[in-house]
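Structural overview for review
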Amino acid sequence: MQPELIADYHCVTGEGPLWHPKESCLYWADIPEGRLFRYNPFTRVHEQIYDGRVVGGYTIQADGSLLLFMDRCSVAVLRDGELDFIVDELPDEADNRFNDVIADPAGRVFCGTMPSPSGRPATLYRMDTDGSITPVLEDLGLCNGMGFTSDLKSMYFTDSLAHEIYIFDYHIESGEIGNQRTFVQTPDDDGTVPDGMTVDAEDHVWSARWDGSALYRFAPDGTEVARIDFPAKKVSSVIFGGRDLTDMYVTTAGGNDKPNEGPGAGALFRLNLGIKGKPEYLSRIYP
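Given the structure is predicted, the values throughout are model-derived calculations rather than measurements. (Residues numbered from 1 in each chain as written. Predicted model: local features only at pLDDT ≥ 70, side-chain atom pairs only at ≥ 80, totals over all residues. Heavy atoms only, no water.)

Another aspect to go through is the pairing of strand S15 (residues 154-159). Taken across its 6 residues, S15 has 6 buried, putting it largely inside the fold. Alternating positions in S15 separate into two faces, Ser154, Tyr156 and Thr158 on one and Met155, Phe157 and Asp159 on the other, with burial throughout. Where strand S14 (residues 143-148) and S15 come together, 5 bridges link them in antiparallel fashion. Residue pairing in the sheet places Met146 in a bridge with Phe157 of S15. Between the antiparallel neighbours S14 and S15 lie 5 residues, among them Leu152 with a positive phi of about 60°. Across 6 bridges, the pairing between S15 and strand S16 (residues 164-171) is antiparallel. Residue pairing across strands places Met155 opposite Phe168, the latter belonging to S16. Connecting S15 to the antiparallel partner S16 that follows it, the hairpin turn spans 4 residues, and His163 within it adopts a positive phi of roughly 60°. (Buried < 20%, exposed > 50% of the residue type's maximum accessible area, 1.4 Å probe, protein only. Helix = DSSP H or I, 4+ residues; strand = E, 2+ residues; numbered from the N terminus. Pairing = 2+ DSSP bridges.)

Before going further, it helps to examine the nonpolar core. Ranked by size, the top nonpolar core spans 27 residues in total, and within it Leu26, Trp28, Leu36, Tyr58, Leu66, Leu68 and Tyr249 carry the most contacts. Contributing elements (two or more residues each) for this core: strand S1 (4-8), strand S2 (14-20), strand S3 (25-30), strand S4 (35-40), strand S6 (55-60), strand S7 (66-70) and strand S8 (75-79). At 5 residues, the largest contribution of residues to this core is made by S3. Of all hydrophobic cores here, the second largest spans 15 residues; its members include Ile102, Met146, Phe148 and Ile177. (Core = buried A, V, L, I, M, F, W, Y, C linked by side-chain atoms within 4.5 Å.)

Structure follows, in structure tokens:
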């Protein structure tokens, strides 16, 4: 199936597609440009809804607001166009930003960083529902896509620069993860890296391939079972949405250099393969 072009805002780094169940809309971001967008599939209207500081990732709160994870590793609630900061910045991360994030079944948020310009390796943090933030994994390459298995006993985490998607034992009561092992290792000699991901209702993992022009599907044992090509080199992330969660929304990057990155660079695409997704969890950060 050919991906359907939904919207093209020429995003430098189109990222973070996320279905908002209360609004029945799809959100996505352009990270370095500090832009957020919204698409209503029922009216087919899309629009920019935020223009400001860099947003590396975000979650949908249980009350419907957006929880933004930003530059300086600050965290703010976006509600009715206004920002309310929960965390002004993290110590030792003022020159850095958050990247991919995910809410867990208990309403916590796992939030990963980039490697900092000062040379600090990437770190995966966990924000608990009281707003406290704890390092979970340190000395990482670049924190990226995450997801949970249907039985809620395991969590996936992508380290792009390590070319690894890991799987961990996950404990919903405490939010602790452990017993790290490799789920998928991608080639480290072709210039591509694994990026954002999601898990479908059959517990298969969908992983976007940055500089690989493709979206991959992996079975629960890590076997590659499908590949979908895109007209853009930098396929960045994927999520399920729509009324029955059978629409797949995929973001791409490189919209500022389409001649080299491809005609679909920086755009939002949709696929419907008859595969159902799972609803993403809502954050419940109310310090």
